[in-house]
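Examining the three-dimensional arrangement
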Amino acid sequence: MGIFAVYMFSAGVYLLAGYLIYKWLLAGDNQPTFNRAMLLSVYAASFVLPLFRLDLSHGASAADHIAVGTPQAVLAAATQGGAVDIAATVLLWVYLAGIVVMAGITIIADIRLARLIAGGERRVFDGYTLVTVNRPGMTPFSWSHFIIVADGEDKELMEMIIRHESAHIRLGHFADLLVARVVCILQWFNPAAWLMLSELKAVHEFQADRAVLDAGVNITQYQQLLIKKTVGLRFQSFANSLNHSNLKKRITMMYRSKSSPVRRMRALAAVPAAALAMALLGVPAVSQAMTEVSSATLTQETSGKVNQLSAQMQESEATEMPAASEKPVDKPDVLPEYPGGMNALMKFLCENIKYPADAIKAKIQGKVIVGFTVGADGKLSDFHIIESVNPSLDAEALRVVKELKETWTPGKQNGTPIACSYALPLTFRLD
């Protein structure tokens with residue numbers, strides 16, 4: 001769950017960057033088809049780019065400046081949760097609660113809408129189904145392949161209403177809104193998600209307005225329809241409603257000339273914006289915070305055992321652990337082992353770790369102890385910092401340890417493979 005939360009946070013940063021570029025450079029142009037494609041591209045890029053992470057904590061090679069201490073292992077039952085773990089767990093619960101609330105609100109709205117449609121009078125036409133409901137004053141809207149209008153709607157206006165709403169259906173706007181609503185549920189904390197939804201609806205209305213006018217409808221009569229429906233009751237926020245978008249902006253857009261294709265080149269500004277967002281996520285302090293959250297789970301167990309383990313490691317790199325003052329720490333009979341043994345582990349770490357450039361400049365050094373769990377199947381999980389020195393050193397130590405993807409030989413207790421909590425000390429030192 002922690003990894004997913006970090007992924008969604010990263011996606012949110014890219015989404016915000018994309019929205020700002022769109023709003024700044026493209027939102028005012030009369031090119032709704034291109035702008036729609038741009039908005040959908042921002043959605044797609046926001047959820048793909050977090051898979052590629054820029055790490056700015058890398059600096060000089062650390063092969064000659066790193067000492068790998070003797071690792072320690074205790075039974076996984078002794079895993080502890082510190083203040084950072086507890087804070088990360090609380091954040092995960094808050095995030096999950098927000099998803100549940102937003103999903104619940106959306107589902108309730110859909111149920112209400114489904115009941116409204118089910119209780120209306122249906123007439124099937126080519127490409128859409130017209131549903132007439134007993135809701136005086138309700139603004140017409142479309143949802144999926146349904147066009148919903150109030151009973152007693154002015155018959156002189158019905159042709160324009162049908163043209164407008166059928167354009168939403170023909171252009172597949174409902175699929176766009178499905179994407180946007182899922183993003184709003186997952187990114188409920190991100191203002192950009194809701195602002196993107198608003199911009200997407202505006203573009204939908206511009207496209208539908210253009211379709212009506214291109215069909216030969218009188219522009220003055222159509223604008224009078226929009227003015228009349230501006231005060232109508234909107235039923236569903238995730239549907240395409242006739243009065244969803246800013247009326248003044250829609251009327252202005254009707255008279256505005258189509259934007260030159262050359263202006264579309266401004267969309268390229270999204271590239272440096274994405275690079276800037278990637279650089280921000282790669283800043284050591286941000287990277288470290290995200291790493292802490294990614295290793296968090298929805299449940300944490302607290303214990304003083306690992307505090308004793310950390311203190312012992314600071315004093316010595318011996319393999320024996322002193323007994324705790326209250327209860328001894330349980331040790332496996334056989335320690336987990338990296339493929340190829342300790343020499344192979346040290347070789348891998350020294351070849352892949354980098355001394356962060358900012359730590360070198362600030363002359364920061366010290367011992368970072370990274371903890372993780374070696375499962376009974378030899379898989380690694382629950383990476384976290386047991387003993388911290390500096391955000392940059394912590395992030396680099398955690399990064400390189402997470403690269404230990406090979407399946408380990410699990411620890412054993414009474415001959416049975418068991419999960420073990422593993423602590424690996426890495427000392428950064430400068431000449």
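Computed from a prediction, not measured in an experiment: that's the story for all the values here.

Topic: the overall build of the chain
- The helix and strand inventory of the chain stands at 14 helices and 14 strands.
- Across the 431 residues that make up the chain, the buried fraction comes to 49%.
- Residue pairs in contact within the chain that sit at least 24 positions apart in sequence constitute 78% of those at least 6 positions apart.
- Element-wise, carbon and sulfur atoms account for 60% of the exposed surface of the chain, whose accessible area totals about 20500 Å².

Details of the nonpolar core
- Counting residues in each nonpolar core, the largest one holds 37 residues, and the members touching the most others are L15, Y22, Y43 and M196.
- Broken down by element, this core gets its largest block of residues, 11 residues, from helix α1 (residues 2-25).
- Apart from the residues within four sequence positions on either side, Y43 is in contact with L15, V179, A180, V183, A193, M196, L197 and L200.
- Within the second largest apolar cluster, 25 residues are counted, among which are L380, L393, A397 and Y422.

Here's the deal with the packing of helix α2 (residues 32-48) against helix α5 (residues 173-186)
- It is at 12 Å that the axes of α2 and α5 come closest, and there the two elements cross at 35°. Viewed along their axes, α2 and α5 form a crossing whose handedness is left-handed. Where α2 approaches α5, its residues R36, L40, Y43 and F47 are matched on the opposing element by H173, D176, V179, A180 and V183.
- The class makeup of the residues in the contact of α2 with α5 is 6 nonpolar, 1 polar and 2 charged.

Digging into the confidence of the model for the chain
- Of all residues in the chain, 76% attain a pLDDT of 70 or more, and the chain-wide mean is 79.
- Looking across the chain, the model is least confident in helix α11 (residues 305-315), with a mean pLDDT of 41, and most confident in α5, with 95.
- Taken together, the stretch residues 77-81 has pLDDT below 50 and engages in 18 contacts with residues farther than four places along the chain or on a different chain.

Here's the deal with the side chain of S259
- Within the secondary structure layout, S259 lies in the loop between α8 (247-255) and α9 (270-282).
- A residue is classified by how much of its surface remains accessible, and S259, at 15% relative accessible area, is buried.
- In this view, S259 contacts D29, N30 and Q31; residues no more than four positions away in its chain are not counted.

Topic: the environment of H168
- Among the structural elements, H168 can be located in helix α4 (residues 155-170).
- On the basis of relative accessibility, which here comes to 1%, the residue H168 falls in the buried class.
- Considered as a pair, H168 and A211 are 43 residues apart in the sequence and their alpha carbons are 9.4 Å apart.

A word on the pattern of salt bridges
- Under the definition given, this model contains 11 salt bridges.
- The closest approach of N and O atoms between R263 and D29, which form a salt bridge, is 3.1 Å. With a gap of 234 residues between them, R263 in the loop between α8 and α9 and D29 in the loop between α1 and α2 connect regions that are remote in the sequence.
- You can call R263 partly exposed: its relative accessible area is 37%.
- Look at D29 and you get buried, because its relative accessible area is 7%.
- Where R266 meets D29, a salt bridge forms, and the shortest distance between an N and an O atom there is 2.4 Å. On the criterion of sequence distance, the pair formed by R266 in the loop between α8 and α9 and D29 in the loop between α1 and α2 is long-range, its members being 237 residues apart.
- What emerges from the salt-bridge pattern is a single network uniting D29, R263 and R266.

Rules behind the numbers
Residues numbered from 1 in each chain as written. Predicted model: local features only at pLDDT ≥ 70, side-chain atom pairs only at ≥ 80, totals over all residues. Heavy atoms only, no water. Helix = DSSP H or I, 4+ residues; strand = E, 2+ residues; numbered from the N terminus. Buried < 20%, exposed > 50% of the residue type's maximum accessible area, 1.4 Å probe, protein only. Contact = heavy atoms within 4.5 Å. Areas by Shrake-Rupley, 256 points an atom, 1.4 Å probe, with all protein chains shown as cover. Core = buried A, V, L, I, M, F, W, Y, C linked by side-chain atoms within 4.5 Å. Axes fitted to C-alpha atoms, helices over the stretch in contact; angles between N-to-C directions. Left-handed = near helix turned anticlockwise from the far one by under 90°. Nonpolar A, V, L, I, M, F, W, Y, C, P; charged D, E, K, R; others polar. pLDDT = per-residue confidence, 0-100. Salt bridge = Lys/Arg side-chain N within 4 Å of Asp/Glu carboxyl O.

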